[in-house]
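A closer look at the structure
For reference, the chains in residue letters:
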Amino acid sequence: MIQQTLILIKPDGLKKSLTGNVLTRLSETKLDIVAASIVKVSRDLAEKHYMSLKDKPFFDDLLKYIMGEYHKKKVMALVYWGEDAIQKVRAICGSTNPEEADPVSIRGSYGRITTKGVYENVIHASANEQDAEREIKLWFQPDNIIVDLYPTKTVKEATPRRVWA
Ligand code: IDP
Ligand code: MG
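Figured I'd write up the structure that's included with this text. Predicted model only: the values in this text are computed from it and were never measured. (Residues numbered from 1 in each chain as written. Chains lettered and ligands numbered in written order. Predicted model: local features only at pLDDT ≥ 70, side-chain atom pairs only at ≥ 80, totals over all residues. Heavy atoms only, no water.)

Remarks on the overall build of the chain
Check the secondary structure of the chain and you find 7 helices and 6 strands. Relative to the globule expectation of 15 Å for 165 residues, the C-alpha radius of gyration of the chain, 16 Å, shows essentially globular dimensions. When its C-alpha atoms are laid out on the principal axes, the chain stretches across 50 × 35 × 35 Å. Taken over 165 residues, the chain has a buried fraction of 43%. Sequence-distant contacts in the chain: of pairs separated by 6 or more residues, those separated by 24 or more amount to 74%. Counting only carbon and sulfur atoms, one obtains 51% of the accessible surface of the chain, whose full area is about 10000 Å². Each charge sign in the chain was given a centre, from 25 positive and 22 negative side chains, and these centres are 7 Å apart. (Helix = DSSP H or I, 4+ residues; strand = E, 2+ residues; numbered from the N terminus. Rg over C-alpha atoms; globule rule 2.2 N^0.38 Å. Buried < 20%, exposed > 50% of the residue type's maximum accessible area, 1.4 Å probe, protein only. Contact = heavy atoms within 4.5 Å. Areas by Shrake-Rupley, 256 points an atom, 1.4 Å probe, with all protein chains shown as cover. Lys, Arg positive; Asp, Glu negative; His and termini not counted. Charge placed at Lys NZ, Arg CZ, Asp CG, Glu CD.)

Set out below in structure tokens:
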């Protein structure tokens, strides 16, 4: 099945200059990159992205982590597209807990748990099609993805926006 999945290289990955290593590992999937951007994550975006975990004891630290308060205030967001994209990417990422992840997976190779208990696991990847749709729509607008993934509508812009002077 052709699928799309949201990938985030988290702030620890950027701080440790792991972008190239992570993208090289992901290239093993032979999937297509159809969107990419560098994002400074707001609290609002962080809360929406992780809304299903809001009752977890680690939620506050998770927000700080993804917002870059422990590393660098940026995340690289990508959409990968192709046959069985979700499962292929999750397999290369490895388990959520980086200490339990397969040592050859991305999280097993580069992740750690801090003494404070934060899972610094380098990468996010959507878990299923429902999450992928919600997450891709949260991180990207249709015009910033080079294929049509979901239905769109055209709206007249009411709010001013910056353009190049
Ligand atoms: P996933 O990222 O493998 O899909 P989720 O359960 O969706 O795992 O959790 C989202 C993120 O929350 C994880 O990637 C990790 O950064 C963090 N996290 C999950 N479980 C724990 C935990 O038990 N302690 C600390 N952080 C956790
Ligand atoms: Mg998840």
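Considerations on the pattern of salt bridges
The full count for this structure, using the stated rule, is 7 salt bridges. The residue Glu 47 makes a salt bridge to Arg 43 at a minimum N-O spacing of 4.0 Å. On the criterion of helical spacing, the pair formed by Glu 47 and Arg 43 is a turn pair, its members being 4 residues apart in helix α3 (residues 43-49). What makes Arg 43 partly exposed here is its relative accessible area of 38%. Of the charged contacts, one joins Lys 137 and Glu 133 as a salt bridge, the two residues approaching to 2.6 Å between their closest N and O atoms. Separated by 4 residues within a single helix, Lys 137 and Glu 133 lie in helix α7 (residues 129-139), roughly one turn from each other. (Salt bridge = Lys/Arg side-chain N within 4 Å of Asp/Glu carboxyl O.)

Observations regarding the packing of aromatic side chains
Evaluated as defined, the whole model comprises 0 aromatic pairs. The ring of Tyr 150 carries Lys 137 above its face, with NZ or CZ at 4.9 Å from the centroid. (Phe/Tyr/Trp six-rings, centres within 6.5 Å; stacked < 30°, edge-to-face > 60°. Lys NZ or Arg CZ within 6 Å of the ring centre and 35° of its normal.)

Observations regarding the site of ligand 1
If you check the shell around ligand 1, you find Lys 10, Tyr 50, Leu 53, Phe 58, Leu 62, Tyr 65, Arg 90, Thr 96, Arg 107, Gly 117, Tyr 119 and Asn 121 and nothing else. A distance of 3.4 Å separates an oxygen atom of ligand 1 from a polar side-chain atom of Tyr 119. In the model, an oxygen atom of ligand 1 is placed 2.8 Å from a nitrogen or oxygen of the Asn 121 side chain. Here ligand 1 loses 78% of its free accessible area of 530 Å² to cover by the protein chains. Residue composition of the shell around ligand 1, by class: 6 nonpolar, 3 polar and 3 charged. (Near = heavy atom within 4 Å. Polar contact = N/O pair within 3.5 Å; in protein donor to acceptor, adjacent residues only side chain to side chain. Nonpolar A, V, L, I, M, F, W, Y, C, P; charged D, E, K, R; others polar.)

Focus on unusual backbone geometry
Backbone geometry places Ser 17, a non-glycine residue, at a positive phi of 55°. Residues other than glycine seldom take positive phi values, yet Asp 84 does so here, at roughly 50°. Tracing the sequence through the fold places Asp 84 in the loop between β3 (75-83) and α5 (85-93).

Thoughts on α5
Within the sequence span of α5, burial applies to Ala 85, Ile 86, Val 89, Ile 92 and Cys 93. The arc enclosing the buried residues of α5, seen along the axis, measures out at 140°, which places them on a common side. Those residues of α5 that are buried are in contact with β1 (2-9), α2 (19-27), β3, α6 (106-110), β6 (123-125) and α7. Phi for Gly 94, located one or two positions after α5, is positive at around 90°. (Arc of directions from axis to C-beta.)

Considering the sheet that holds β6
What the 4 strands build is an open sheet, ordered β2-β3-β1-β6; its pairing is antiparallel. The open sheet has two free edges, formed respectively by β2 (32-39) and β6, since each of these has just one partner strand. For this sheet, the mean inter-axis angle between neighbouring strands, taken without regard to orientation, is 20°. With 3 bridges joining them, β1 and β6 adopt antiparallel strand pairing. (Pairing = 2+ DSSP bridges. Axes fitted to C-alpha atoms, helices over the stretch in contact; angles between N-to-C directions.)

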